[in-house]
Amino acid sequence: MHNPQLNKHGELQHLLTIDGLPRDIITAILDTAAPFTEVAEREVKKLPLLRGKSIFNLFFENSTRTRTTFEIAAKRLSADVVNLNVSTSSTAKGESLLDTVDNLCAMQADMFVVRHAASGAPFLIAQHLLATGRDHIHVVNAGDGRHAHPTQGLLDMYTIRHYKRDFTNLTVAIVGDVLHSRVARSQISALTTLGVPEVRVIGPKTLLPTEVERMGVRVFHDIREGLKGVDVVMMLRLQNERMNGALLPTPQEYYKVWGLTAEKLALAKPDAIVMHPGPMNRGVEIDSSVADGTQAVILPQVTFGIAVRMAVMSMLAGQQGSNKQ
Amino acid sequence: MKIRITNGRLIDPANGLDDRRDLYLADGKIVATGQAPDGFSAERTIDAANLVVAPGLIDLAARLREPGFEYRATLESEMDAAMAGGVTSLAIPPDTDPALDEPGLVEMLCYRAKKLNRAHVYPVGALTIGLKGERLSEMAELVEAGCVAFSQANVPIVDNNVLMRALQYAATFDFRVWLQPLAPFLARTGVAHDGEVATRLGLPGIPVAAETIALYTYIQLARTTGARLHVTRLSSAAGLALVEQARVEGMDITCDVSINHLHLSDMDIGYFNSNCHLVPPLRSQRDRDALRQGLADGRINALCSDHTPVDDDGKLTPFSESEPGATGLELLLPLTLKWAQESGLPLVKALARVTSDAARIVGITKAGHLTPGARADLCLFDPAAHVTVSRDQLRSQGKNTPFLGMELPGRVHYTLVEGQVMHELS
């Protein structure tokens with residue numbers, strides 16, 4: 001099946017998902033991100049790579065953090081950024097997703113950064129741009145439903161590589177609500193593609209999707225079993241609404257059974273790192289002593305996230321990088 | 001008008017016939033096969049060389065979208081599609097707007113269809129008012145108005161007490177009840193088969209248990225009430241096994257499958273192809289294989305198009321927000337032929353599932369076969385021709401189907417309804 005995010009030369013045209021993305025493209029993004037981390041430490045935190053380009057942050061679902069990091073990344077590359085919270089504007093007036101896109105295309109957009117509550121929405125946009133001969137406009141998925149959050153997955157890989165250097169000797173555990181998590185799906189795809197020999201998912205049966213093992217992971221329900229000897233612990237956010245719908249009884253019970261405490265973390269390797277995509281629910285999925293502890297790399301994740309998003313945007317639309325137009 | 005159809009390969013599944021014979025029509029009926037009746041002089045002769053001459057197809061589920069959804073399709077457009085597809089009898093599900101729950105509505109639909117003078121329509125009445133699963137519809141009156149059975153379309157009854165009463169009431173008159181096995185809560189939020197594909201794509205899943213639990217319920221209630229149950233659109237191997245088991249235990253139960261579920265699986269969703277958003281969901285390849293086998297050996301009684309025209313606005317949205325359904329009337333014959341070819345089934349056996357066997361479920365006796373005296377509803381097609389499914393070529397107002405772009409066998413050259421040529425390939 002044709003992978004709609006690659007152009008006919010096999011280069012990255014859009015970033016929609018990590019699932020099916022070739023390993024060398026993932027590595028190229030991480031390599032491209034590396035020098036961008038230094039930009040943040042300069043006095044003038046700007047590069048001219050996207051000068052004159054218009055990037056639309058098209059957020060159909062509320063988000064402050066992700067939108068802000070995309071905005072910062074784009075501005076550091078000298079792009080013009082327009083933020084649209086569509087959840088509160090057009091669609092509320094009944095405009096369809098593709099009508100919104102068409103209108104923004106008419107404003108000479110070069111790139112859409114899209115977040116949407118429905119899985120696959122960025123694919124629909126990319127397919128629409130292709131069908132209407134406007135596929136010079138790039139689409140970056142900033143999170144679609146439960147499906148994918150590729151830049152989060154990539155920044156997580158950047159973080160792991162930063163601390164662990166090599167992927168091919170790691171055991172990584174992903175803990176929590178995998179069922180509803182686009183982050184977890186992107187992490188699993190990235191880790192398996194990069195050659196991590198053992199990826200574990202840990203959680204109650206209500207929060208692990210059907211046949212998740214077919215994605216190449218080992219399933220654990222007992223967090224103590226699952227954390228034994230791991231190099232990386234990736235925590236997932238637990239949404240409060242999961243208490244509805246009979247998925248979980250209470251946050252208290254969840255914390256007691258699956259919350260990451262210092263005592264449970266001690267079962268992992270002594271140099272294991274702890275990650276979290278944010279925003280954290282302290283005392284639900286993670287204990288404060290762990291979140292603020294020496295093994296946590298949660299704030300570096302945020303910093304690396306900007307560099308990784310700069311890398312993605314510059315590779316898609318920039319004058320430099322591996323993907324010239 | 002007297003018509004002689006000559007040089008054709010006559011296939012009449014009801015009579016186990018597959019032979020090169022001429023067919024003679026007069027006054028809208030079949031009058032003879034092989035030898036012309038005494039004194040027959042044809043006013044028109046149709047040369048059917050290289051064509052199969054078969055009974056017109058009978059479709060167990062064709063949504064014509066009237067009343068209520070005329071922006072999606074009209075009787076005219078969908079009747080044209082039926083004619084182009086060689087489908088001459090249509091069972092109409094009750095999920096129109098308003099639902100087919102009033103005798104007047106059903107009479108109107110039958111009247112409109114008759115005036116258009118194309119395919120015969122067989123409305124399936126709403127089992128409950130507004131399909132709400134609360135109050136019984138006027139079944140006796142609805143049958144008088146033309147309904148052939150009762151159903152809830154894809155809207156399951158939540159309250160099993162109401163379902164039991166509805167089955168009891170229908171059984172009082174020996175009316176057939178057609179039910180879609182969908183357990184309301186298990187099926188409510190899902191949009192795809194709960195399996196590897198939905199997991200990868202992050203689509204909310206519908207487990208197979210949504211089908212099997214509903215089937216357990218329906219079978220138990222049909223047994224205790226004595227209702228005649230027809231199960232529509234099976235999607236899973238486990239569902240088929242339950243129907244079989246009920247049969248082994250002596251129950252009179254029939255079932256059908258759609259062209260989509262016969263040929264596709266959840267893998268075909270690919271990258272969120274909303275044309276594959278269907279009710280019930282496309283299930284695994286193993287399920288699909290079981291359905292194909294079941295249809296071949298007759299455990300599944302009939303194949304239908306489950307024709308559901310959806311406009312582009314309904315499909316050009318993210319998968320989970322898209323309207324379920326696909327156009328199918330014009331694909332029923334090609335996909336029957338494709339299945340027959342791939343399964344190595346003789347045509348006479350394959351065509352039975354869309355003619356004589358389907359007729360039995362609807363209760364049609366005058367059509368679906370070529371016995372002299374039968375209605376001259378015919379489909380003449382070239383089984384060797386191949387046609388690529390394209391938006392331009394589809395007559396249906398619904399241009400959305402998972403089969404777009406695929407090359408399928410079979411081209412209809414003539415469709416006759418009651419001895420009149422209603423479609424002729426130019």
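Just so it is clear, the structure is predicted and the values come from calculations on it, not from any experiment. (Residues numbered from 1 in each chain as written. Chains lettered and ligands numbered in written order. Predicted model: local features only at pLDDT ≥ 70, side-chain atom pairs only at ≥ 80, totals over all residues. Heavy atoms only, no water.)

1. A short note on the overall build of chain A
In terms of helices and strands, chain A carries eleven helices and nine strands. Taken over the C-alpha trace, chain A has a radius of gyration of 19 Å; the compact-globule value for 325 residues is 20 Å, and the two agree within 12%. The centroid of the 34 positive side-chain charges in chain A is displaced by 2 Å from the centroid of its 32 negative side-chain charges. (Helix = DSSP H or I, 4+ residues; strand = E, 2+ residues; numbered from the N terminus. Rg over C-alpha atoms; globule rule 2.2 N^0.38 Å. Lys, Arg positive; Asp, Glu negative; His and termini not counted. Charge placed at Lys NZ, Arg CZ, Asp CG, Glu CD.)

2. Focus on the confidence of the model for chain A
Taken as a whole, chain A shows an average pLDDT of 93; of its residues, 95% reach a score of 70 or greater. Counting interchain partners and residues more than four positions distant, the pLDDT-below-50 stretch residues 320–325 of chain A has 14 contacts. (pLDDT = per-residue confidence, 0-100. Contact = heavy atoms within 4.5 Å.)

3. Quick notes on the interface of chain A and chain B
Across the contact, 25 residues belong to chain A and 19 residues belong to chain B. Both faces combined, the contact of chain A with chain B buries some 1,800 Å², and carbon together with sulfur accounts for 59% of it. With a shortest N-O distance of 3.0 Å, B:Glu196 and A:Arg214 are connected by a salt bridge. Of all elements in the fold, only α3 (97–105) and α4 (121–131) of chain A reach the threshold of two or more residues within the side of chain A that touches chain B. Of the residues that constitute the side of chain A that touches chain B, the class distribution is eleven nonpolar, eight polar and six charged. (Buried area = accessible area lost by both parts, 1.4 Å probe. Salt bridge = Lys/Arg side-chain N within 4 Å of Asp/Glu carboxyl O. Nonpolar A, V, L, I, M, F, W, Y, C, P; charged D, E, K, R; others polar.)

4. Quick notes on the side chain of A:Arg185
Residue and element names in this part refer to chain A. Here Arg 185 is to be found in helix α6 (residues 182–193). It turns out Arg 185 is buried and unbridged, and the closest side chain with the opposite charge, Asp 177, is 7.3 Å from it. Only 3.1 Å separates the side chain of Arg 185 from the backbone oxygen of Ser 181, close enough to count as a polar contact. (Buried < 20%, exposed > 50% of the residue type's maximum accessible area, 1.4 Å probe, protein only. Polar contact = N/O pair within 3.5 Å; in protein donor to acceptor, adjacent residues only side chain to side chain.)

5. Some thoughts on the domain arrangement of chain B
Residues and elements named next belong to chain B. If you check the domain split of chain B, you get domain 1 (3–53 + 376–384 + 408–424) and domain 2 (55–362). Each of domain 1 and domain 2 has a C-alpha centre, and these two points are 30 Å apart. Facing 25 residues of domain 1, the contacting portion of domain 2 comprises 25 residues. Interface area, domain 1 with domain 2, both sides summed: about 2,000 Å², of which 73% is carbon and sulfur. It is Pro 13, Leu 408 and Pro 409 in domain 1 that bury the most area against domain 2; as a group they hold 27% of the surface buried on that side. Where domain 1 meets domain 2, there are zero salt bridges. For the pair domain 1 and domain 2, the interface holds three residue pairs in polar contact (both at pLDDT 80 or more). Those elements giving two or more residues to the side of domain 1 that touches domain 2 turn out to be β2 (9–12), β3 (17–20), β18 (378–388), β19 (407–417) and β20 (420–424). (Domains from an automatic or database assignment.)

6. Some points on the sheet that holds strand β7 (residues 218–220) of chain A
All names here are of chain A. Strand order in this open sheet of five strands is β7-β6-β5-β8-β9, and the pairing throughout is parallel. Of all the strands in the sheet, just β7 and β9 (273–275) have a single pairing partner and so form its edges. Here the average twist between neighbouring strands, direction ignored, is 20°. Strand contacts of helix α5 (residues 150–164): β8 (232–235) and β9, with the helix running at about 165° to β9, the strand carrying the most contacts. (Pairing = 2+ DSSP bridges. Axes fitted to C-alpha atoms, helices over the stretch in contact; angles between N-to-C directions.)

7. Notes on the packing of aromatic side chains
By the definition in use, this model includes nine aromatic pairs over all chains. On the numbers, 5.1 Å between centres and 50° between planes, the contact of A:Phe123 with B:Phe272 is tilted. Here A:Phe123 is found in helix α4, whereas its partner B:Phe272 is found in the loop between α9 (259–263) and α10 (285–296) on a different chain. Of the two residues examined, A:Phe123 and B:Phe272, each falls in the buried class. Grouped by ring-pair contacts, the aromatic residues B:Phe150, B:Tyr169, B:Phe173 and B:Phe175 constitute a single cluster. Geometry around A:Phe70 places A:Arg309 over its ring, the cationic atom sitting 4.8 Å from the centre. Across from the ring centre of B:Phe69, 5.4 Å away, lies the NZ or CZ of B:Arg65, which sits over that ring. (Phe/Tyr/Trp six-rings, centres within 6.5 Å; stacked < 30°, edge-to-face > 60°. Lys NZ or Arg CZ within 6 Å of the ring centre and 35° of its normal.)

8. Brief notes about the packing of helix α7 (residues 209–225) of chain B against helix α8 (residues 237–248) of chain B
Residue and element names in this part refer to chain B. Where α7 contacts α8, the two axes come as close as 9 Å, and the packing angle between them is 15°. In terms of orientation, α7 and α8 fall into the roughly parallel class. Here the hand of the crossing between α7 and α8 comes out right-handed. Here Glu 211, Thr 212, Leu 215, Tyr 216, Ile 219 and Arg 223 of α7 come into contact with α8, specifically with Ala 238, Gly 239, Leu 242, Val 243 and Ala 246. Residue composition of the contact of α7 with α8, by class: seven nonpolar, two polar and two charged. (Parallel < 35°, antiparallel > 145°, perpendicular 65-115°, else oblique. Left-handed = near helix turned anticlockwise from the far one by under 90°.)

9. Remarks on the pairing of strand β12 (residues 176–179) of chain B
Residue and element names in this part refer to chain B. In terms of strand pairing, strand β11 (residues 149–151) meets β12 through two bridges, oriented parallel. Within β12, the position partnered with Ser 151 by the bridge is Trp 178. As for the winding sense of the linkage, the β-α-β connection from β11 through helix α4 (residues 160–172) to β12 is right-handed. Judged from the four bridges that link them, β12 and strand β15 (residues 228–231) form a sheet pairing that is parallel. Paired with Arg 176 across the two strands is Arg 228, which belongs to β15. (Right-handed = clockwise from strand over helix to strand, strands pointing away.)

10. Points about the pairing of strand β6 (residues 198–202) of chain A
All names here are of chain A. The buried fraction of β6 amounts to five of the five residues, a majority that puts the element mostly inside the structure. Of the strand pairs in this sheet, strand β5 (residues 171–175) and β6 are connected by five bridges, and their pairing is parallel. Paired with Ala 173 across the strands is Arg 200, a residue of β6. Following the backbone out of β5, through α6 and into the adjacent parallel β6, one traces a crossover that is right-handed.

11. Side note on the packing of α3(A) against α4(A)
Residues and elements named next belong to chain A. Viewed as axis vectors pointing N to C, α3 and α4 meet at an angle of 55°, and their least axial separation amounts to 11 Å. Taken together, the axes of α3 and α4 lie oblique to each other. When you trace α3 past α4, the crossing you get is right-handed. Contacts between α3 and α4 involve Leu 97, Leu 98, Val 101, Asp 102 and Cys 105 from the first element and Ala 121, Leu 124, Ile 125, His 128 and Leu 129 from the second.

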